[in-house]
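Listed below, chain by chain, are the residues.
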Amino acid sequence: MNKKERDATHHQAITHEQMLKIMELANSIRYGSITLVLQDGILTQIDKSEKIRLHPQ
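Here the structure is a predicted model, which is why all the values come from computation and not from measurement.

K.L.:
So what's going on with the overall build of the protein? Residues and values would help.
P.N.:
When helices and strands are counted, the protein shows two helices and two strands. In the protein, the succession of helices and strands from N to C terminus is α-α-β-β. A total of 57 residues make up the protein; the buried ones form 7% of that total. For the protein, long-range pairs separated by at least 24 residues make up 24% of all intrachain contacts whose partners lie at least 6 apart in sequence. Surface accessibility of the protein: about 5000 Å² in total, with carbon and sulfur atoms responsible for 53%.

K.L.:
I'd like a rundown of the pattern of salt bridges, residues and numbers included.
P.N.:
With the rule as written, the count across this model stands at two salt bridges. For Lys21, the salt bridge identified is with Glu24, shortest N-O distance 3.4 Å. Taken together, the positions of Lys21 and Glu24, both in helix 2 (residues 16-28) and three residues apart, correspond to about one turn of that helix. Given the relative accessible area of 38%, Lys21 is considered partly exposed. Glu24 sits in the partly exposed class, given a relative accessible area of 47%. The salt bridge partner of Glu50 is Lys48, with a shortest N-O separation of 3.8 Å.

K.L.:
Report on the pairing of strand 1 (residues 32-39), specifying residues and quantitative values.
P.N.:
On a regular strand, each side chain points to the face opposite its neighbour's, so the side chains alternate between the two faces of the sheet. Of the strand pairs in this sheet, strand 1 and strand 2 (residues 42-50) are connected by eight bridges, and their pairing is antiparallel. Looking at strand 2, one finds that Ser33 is bridged to Ser49.

K.L.:
Outline a nonpolar patch on the surface, listing residues and values.
P.N.:
Taken together, the side chains of Met19, Leu20 and Met23 present a nonpolar region at the surface, about 270 Å² in accessible area. Within the secondary structure layout, Met23 lies in helix 2. For Met23, a relative accessible area of 43% puts it in the partly exposed group.

Cut-off values and rules
- Residues numbered from 1 in each chain as written.
- Predicted model: local features only at pLDDT ≥ 70, side-chain atom pairs only at ≥ 80, totals over all residues.
- Heavy atoms only, no water.
- Helix = DSSP H or I, 4+ residues; strand = E, 2+ residues; numbered from the N terminus.
- Buried < 20%, exposed > 50% of the residue type's maximum accessible area, 1.4 Å probe, protein only.
- Contact = heavy atoms within 4.5 Å.
- Areas by Shrake-Rupley, 256 points an atom, 1.4 Å probe, with all protein chains shown as cover.
- Salt bridge = Lys/Arg side-chain N within 4 Å of Asp/Glu carboxyl O.
- Pairing = 2+ DSSP bridges.
- Patch = residues over 30% accessible without salt bridge, like charges linked within 9 Å, V, L, I, M, F, W, Y side chains within 5 Å.

Rendered as structure tokens:
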């Protein structure tokens, strides 16, 4: 196992602060999606897509 592989096994993919942000986003949208982007096993980006329904059913 090389250094990069060893380091990868000791990191947290999503930190507590990032999880709180994800939860905040999830609670802020009614219709939509949240996409998490990871690079080398670490969260690098959060995309939020919200749909606005003009005629709710």
